[in-house]
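What follows is each chain in one-letter form.
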Amino acid sequence: MPKMVFIERDGTRKEVDAPLGLSVLEIAHRHGVDIEGACEGSLACSTCHVIVDPSWYGKLAKATEDEEDMLDLAFDLQETSRLGCQLIMTEALDGLTVKLPAGSRNAGG
Ligand code: FES
């Protein structure tokens, strides 16, 4: 089973099982990682924002225009920001590392 790593807001590394075909958002939810995902993957929010480790960013499928548009609204936007619900686990992404952003607009601080 592939793995992925979440870096939590306090810097804790959390390595978890990452079943193929699940999104990073779904994987986070399975393991109690604090990513909201308010619209459950329908590209209508930016609360599933994650910051991809730069060494992994180039291996991801490119963001669609709709994803880019939602990302523009994300808090703490970085060069390697993506929406977690759009990142689908594949063999090639075994070891994928993403960081949680400093906060989201819906988190109330
Ligand atoms: S969960 Fe809303 S865009 Fe990803």
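Higher on the page you've got the structure.
Basis of the calculations
Residues numbered from 1 in each chain as written. Predicted model: local features only at pLDDT ≥ 70, side-chain atom pairs only at ≥ 80, totals over all residues. Heavy atoms only, no water. Pairing = 2+ DSSP bridges. Helix = DSSP H or I, 4+ residues; strand = E, 2+ residues; numbered from the N terminus. Axes fitted to C-alpha atoms, helices over the stretch in contact; angles between N-to-C directions. Salt bridge = Lys/Arg side-chain N within 4 Å of Asp/Glu carboxyl O. Buried < 20%, exposed > 50% of the residue type's maximum accessible area, 1.4 Å probe, protein only. Patch = residues over 30% accessible without salt bridge, like charges linked within 9 Å, V, L, I, M, F, W, Y side chains within 5 Å. Areas by Shrake-Rupley, 256 points an atom, 1.4 Å probe, with all protein chains shown as cover. Lys, Arg positive; Asp, Glu negative; His and termini not counted. Charge placed at Lys NZ, Arg CZ, Asp CG, Glu CD. Core = buried A, V, L, I, M, F, W, Y, C linked by side-chain atoms within 4.5 Å. Contact = heavy atoms within 4.5 Å. Polar contact = N/O pair within 3.5 Å; in protein donor to acceptor, adjacent residues only side chain to side chain.

## Focus: the sheet that holds strand β3 (residues 49-52)
Phase 1: Pairing within the open sheet is mixed, and its five strands lie in the order β2-β1-β5-β3-β4. Two strands lie at the open edges of the sheet, namely β2 (13-17) and β4 (81-83), each paired on one side alone. Put simply, the sheet's adjacent strands are angled 35° from each other on average, direction ignored.

## Comments concerning the pattern of salt bridges
Phase 1: Counting across every chain of the model gives three salt bridges.
Phase 2: For Lys3, the salt bridge is made with Asp17, and the minimal N-O distance between the two is 2.8 Å. Taken together, the residues span a long stretch of sequence, with Lys3 in strand β1 (residues 3-7) and Asp17 in strand β2 at a distance of 14 residues.
Phase 3: We classify Lys3 as partly exposed; its relative accessible area is 32%.

## Focus: a negative patch on the surface
Phase 1: A cluster of acidic side chains, namely Glu65, Asp66, Glu68, Asp69 and Asp72, defines a negative patch on the protein surface.
Phase 2: Tracing the sequence through the fold places Glu68 in helix α3 (residues 65-71).
Phase 3: For Glu68, a relative accessible area of 38% corresponds to the partly exposed category.

## A word on the nonpolar core
Phase 1: Counting 27 residues, the largest nonpolar core has Met4, Phe6, Ile27, Ile35, Val52, Leu96 and Val98 as its most contacted members.
Phase 2: Top element by residues in this core is helix α1 (residues 24-30). It accounts for four residues.
Phase 3: With sequence-adjacent residues up to four places away left out, Ile27 is seen in contact with Met4, Phe6, Val16, Asp17, Ala18, Pro19, Leu22 and Met89.

## Things to note about the side chain of Thr47
Phase 1: Tracing the sequence through the fold places Thr47 in the loop between α1 and β3.
Phase 2: Within the local environment of Thr47, its side chain forms a polar contact with the backbone nitrogen of Gly37, the two atoms lying 3.1 Å apart.

## What to know about the environment of Arg30
Phase 1: Inspection of the secondary structure assignment puts Arg30 in helix α1.
Phase 2: Spatially, the C-alpha atom of Arg30 lies 9.6 Å from that of Ala18, the residues being twelve residues apart in sequence.
Phase 3: Those residues in contact with Arg30 that lie beyond four places of it in its chain are Pro19 and Leu22.

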